[in-house]
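Results of the structural survey
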Amino acid sequence: MSKLHGKRIVIAKPGLDGHDVGAKIISLTLRDAGADVIYTGLRKTPDYIARVAIDEGADALGLSILSGSHNALVAATMDALRRLGGTDIKVFLGGTIPAEDHQGLKDLGIAAIYTAEMKLNDVVSSLAEKLG
Amino acid sequence: MSIETLDSGLNQPPHPRSETSFGVPIPAFIAPEGTEAPGQYPFTRGIFPTGYRSKLWTFRQYSGFGSAEETNERYKFLLDNGTTGLSVALDLPTQCGYDPDDVMSLGEVGKVGVSMFSLTEAETVFRDLDLSRISTSFTINGTAAIIYAMYVAVADKQGVPREKLTGTIQNDILKEYVARGTWIFPVRPSMRLIADTILFSNKETPRFNPISIAGAHVRDAGCSAVEEMAYTLANGLAYVDELLRHGADANSFAKRLSFFFYVHMDLFEEVAKFRAGRRIWARLMKERYGITDEKAQMFRFGVVCGGSSLTGVQPYNNIARVSIETMAAVMGGAQSIFTCAYDEAFQIPTEFSAEIALRTQQIIAHESGVGKSVDPLGGSHYVEWLTDKTEEEILKVMASLDTYGGVEKAIEDGYLQMRIAEAALARKRKKDSGETVVVGENYFAHQDSSAVDYGEVFKSDPTTEARIRERLMTLRKTRDQAKVASALAALEAAARTPAVNVMSSLVECCHAYATVGEMVTTLKDCWGEFAEPVRL
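These numbers come from a predicted model, not from an experiment.

We now examine the overall build of chain B. Counting its regular elements, chain B contains 19 helices and nine strands. Here the C-alpha atoms of chain B give a radius of gyration of 23 Å, agreeing with the 24 Å that 2.2 N^0.38 yields for 536 residues. Split into buried and exposed, the 536 residues of chain B put 51% on the buried side.

Shown next, in the form of structure tokens:
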């Protein structure tokens with residue numbers, strides 16, 4: 001499986017949420033699919049994450065949030081990307097994200113939301129399609 | 001649903017009957033001549049000969065959200081409805097040691113639990129609750145010493161003698177590095193802080209459990225029942241070794257060590273896991289450490305039923321899952337049980353879903369009759385075989401950790417974290433491929449997804465974060481700054497002297513209304529911060 005060959009993807013954990021299993025599963029899966037994956041580790045600020053994504057020349061940035069603080073943290077990350085010049089990076093979201101929040105997050109610029117029930121193969125296919 | 005429409009818990013049901021429905025007396029336990037009986041070393045069949053006949057497990061529901069006032073109201077509701085122990089959920093800034101106005105706290109204040117940034121909040125959470133009569137459990141680790149100090153300070157203020165306090169702090173930092181992520185300091189000073197809390201607690205609050213060594217989170221993250229028990233026992237041994245390095249008496253402190261696990265869906269495997277765990281721990285305490293007091297050999301544990309075995313798809317199915325898991329916990333001999341609400345997979349439980357979770361335990365306790373005889377599965381060919389096999393496999397995993405160089409090294413290297421991530425990926429792939437069956441999700445799924453009913457949705461109050469920050473501002477303006485500064489200076493001096501127990505200084509900081517963020521910053525200046533090994 002090398003659907004994501006040559007793509008650079010940063011997986012990040014903004015905020016204080018320590019549940020990193022999802023982020024790690026996705027990181028390993030995307031690497032298996034051929035992508036170069038950079039995982040930030042826990043407790044990173046939106047500014048730090050935006051800086052890493054830009055410096056690493058990322059095609060995509062995946063945010064993993066399970067603490068319910070996604071609205072504030074996504075807004076802050078999108079703002080940081082705008083300020084620091086990373087608007088060309090596609091931003092994805094995973095974690096515990098209630099359906100009623102999805103539209104608002106997409107309005108903020110999130111390209112797609114992947115939840116725990118989705119099959120990993122489907123996540124890879126969806127990402128490959130969105131990254132062209 | 002309003003509180004008024006619920007029946008009151010005042011009408012307490014009778015204890016589990018000691019006879020069959022057809023009138024024949026049931027022995028507290030059944031153990032043929034020459035076989036191990038419950039309450040007998042190595043306690044495979046349970047730590048008490050009378051089990052739930054003499055004392056039911058504690059019904060402990062995890063709760064706490066938003067502000068201190070809202071949490072205080074929810075606790076009064078739960079206690080009025082038959083909950084017998086409180087379990088406090090704290091927000092992530094409190095758990096990670098940041099004040100609500102810290103840049104790191106953005107979006108997290110009052111989210112996954114209550115904000116307890118200083119004694120003001122703890123006093124509000126426990127207002128009108130008599131701390132000498134309730135047992136309180138805190139899911140707190142990185143800042144466990146501080147939150148425990150705060151609880152002691154609330155008791156001091158209420159005039160409740162410290163020796164009357166009962167409850168538990170999780171205070172298990174090793175698994176935080178591996179799975180839950182609320183670490184603050186490096187491993188060594190963290191281990192010292194845990195020894196300090198245990199030794200202070202043994203002396204000042206002898207009925208309080210100063211640690212609950214938890215396998216729950218590594219299990220929920222992805223590992224097997226065997227690995228869950230193996231890693232937890234290994235962590236337990238690391239704490240015993242640390243306490244011995246502090247010159248403590250194992251016959252005394254080991255009585256206050258307790259454990260905490262997840263129960264997932266394979267009923268017999270779960271029962272075998274607990275039976276094997278009790279046996280291994282008792283033998284290690286006796287043989288490795290020469291502990292002679294039987295109470296100090298006993299493996300006492302609480303459980304969570306639910307967690308990652310619950311689904312966001314068709315959430316009402318989770319009620320059936322939690323019932324089966326609760327049966328496993330009871331037949332495994334748990335001392336306290338927390339049942340997840342059916343909506344816990346995707347939101348903070350509502351009063352409606354939280355009530356069903358509690359009622360599930362009550363139905364099993366008072367209607368099913370499973371508590372009539374201790375270890376009812378003992379002697380079953382299958383369960384005894386499974387217990388032996390589980391024990392063998394647990395010991396193998398523990399030996400492999402020893403070979404690696406021990407848990408502290410495995411954590412500092414990121415080795416254990418990697419093992420968990422691999423196990424999680426394997427579990428997810430099995431679910432994706434259909435090898436693991438999840439009813440309603442990968443099999444028997446609803447064709448029309450729009451027909452899925454998520455039930456009532458809990459709405460968190462969007463103004464909570466601002467209100468909590470406001471309370472912090474008020475505190476900063478009104479407290480005695482000189483008193484805060486001198487308490488923090490005393491804390492720093494204690495932290496820099498390894499032979500001094502920091503707990504008394506932390507209690508004084510709480511009395512002076514120092515904030516969690518201020519205490520943690522002081523300790524970070526002395527001890528540094530953990531550098532997460534990011535390894536994939």
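Along an α-helix, residues three or four positions apart point the same way, because every turn accommodates 3.6 residues. Residue and element names in this part refer to chain A. The end-to-end C-alpha separation of helix α1 (residues 21–32) is 16 Å, in line with the 16 Å expected for twelve residues at 1.5 Å each. All buried positions along α1 are accounted for by Val-21, Gly-22, Ala-23, Lys-24, Ile-25, Ile-26, Ser-27, Leu-28, Thr-29 and Leu-30. Taken from the residues just after α1, Gly-34 is the one with a positive phi, measuring 100 degrees.

Take the sheet that holds strand β5 (residues 110–114) of chain A next. Residue and element names in this part refer to chain A. Read from one edge of the open sheet, five strands run β2-β1-β3-β4-β5, paired in parallel fashion. Two strands bound the open sheet, and with one partner strand each, they are β2 (36–39) and β5. Averaged over all pairs of adjacent strands, the angle between their axes in this sheet comes to 20 degrees, without regard to strand direction. Judged from the four bridges that link them, strand β1 (residues 8–12) and β2 form a sheet pairing that is parallel. Following the sheet pairing, Val-10 is matched in β2 by Ile-38.

Here we come to the interface of chain A and chain B. Counting from both sides, the interface comprises 28 residues of chain A and, opposite them, 29 residues of chain B. Put simply, the parts of the chain that give the side of chain A that touches chain B at least two residues each are α1, α3 (70–84) and α5 (120–131) of chain A. With five residues, the top contributor of residues to the side of chain A that touches chain B is α1(A). Its residues assigned to classes, the side of chain A that touches chain B comprises eleven nonpolar, eleven polar and six charged.

Bringing the packing of α1(A) against helix α15 (residues 415–433) of chain B into the picture now. At a closest axis distance of 9 Å, the pairing of α1(A) and α15(B) adopts a crossing angle of 75 degrees. Judged by the inter-axis angle, α1(A) sits roughly perpendicular to α15(B). In contact with Val21(A), Lys24(A), Ile25(A) and Leu28(A) of α1(A), α15(B) contributes Ala421(B), Ala424(B), Leu425(B) and Lys428(B). The class makeup of the residues in the contact of α1(A) with α15(B) is six nonpolar, no polar and two charged.

Attention shifts here to the domain arrangement of chain B. Residue and element names in this part refer to chain B. Domain assignment breaks chain B into domain 1 (54–451) and domain 2 (482–527). Computed from C-alpha atoms alone, the centre-to-centre distance between domain 1 and domain 2 is 28 Å. Mapped onto the side of domain 1 that touches domain 2, the elements with two or more residues apiece are α3 (119–125), α4 (144–158) and α6 (187–204). Sort the elements by how many residues they give to the side of domain 1 that touches domain 2 and α6 lands first, with seven residues.

Residues and elements named next belong to chain B. For Arg-162, the location among the structural elements is in the loop between α4 and β4 (166–169). Put simply, Arg-162 and Pro-206 are 44 residues apart on the chain and 8.5 Å apart in space, counted from C-alpha to C-alpha. Those residues within four positions of Arg-162 in sequence are excluded, and the remaining contacts are Val-152, Ala-155, Glu-204 and Thr-205.

Turning next to unusual backbone geometry. A cis geometry characterises the amide bond from Tyr41(B) onward to Pro42(B), with omega recorded as 0 degrees. Inspection of the secondary structure puts Pro42(B) in the segment before β1 (58–63). For Arg43(A), which is not glycine, the phi dihedral falls at a positive 60 degrees. You can see Arg43(A) is positioned in the loop between β2 and α2 (46–55). Arg43(A) sits in the buried class, given 20 other C-beta atoms within 10 Å. Even without being a glycine, Tyr513(B) presents a positive backbone phi close to 65 degrees. Relative to the elements of secondary structure, Tyr513(B) occurs in the loop between α18 (503–511) and α19 (516–527).

Reading the values: the criteria
Residue numbers here run from 1 along each chain, matching the order of that chain's written sequence. By the order in which they are written, chains take letters starting at A while ligands take numbers starting at 1. In keeping with the model being predicted, local features are shown solely for residues with a pLDDT of at least 70 and side-chain atom pairs are shown and tallied solely at 80 or more, while totals for entire chains, interfaces and linings include all residues. A run of DSSP states H or I qualifies as a helix once it reaches four residues; a run of E qualifies as a strand once it reaches two. Both are numbered from the N-terminal end. Atoms counted for the radius of gyration: C-alpha only. Globule rule: 2.2 Å times the number of residues to the power 0.38. Here the C-beta atoms are placed from the backbone, and a residue counts as buried if at least 20 other C-beta atoms lie within 10 Å of its own, exposed if 12 or fewer do, and partly exposed otherwise. Helices are assigned an expected span. That span is 1.5 Å times one less than the residue count. In this analysis, strands are considered paired if DSSP registers two or more bridges between them. Note on definitions: angles span 0 to 180 degrees between N-to-C directions of axes, and those axes are lines fitted to C-alpha atoms, for helices only across the stretch in contact. A residue pair is marked as a contact if its C-beta atoms, positioned from the backbone, fall within 7 Å. As a working rule, the residues Ala, Val, Leu, Ile, Met, Phe, Trp, Tyr, Cys and Pro are called nonpolar, Asp, Glu, Lys and Arg charged, and the rest polar, with Gly in that last group. Our angle categories are set so that under 35 degrees counts as roughly parallel, over 145 as roughly antiparallel, 65 to 115 as roughly perpendicular, and the remainder as oblique. Domain limits in this description derive from either an automatic procedure or a database domain assignment.

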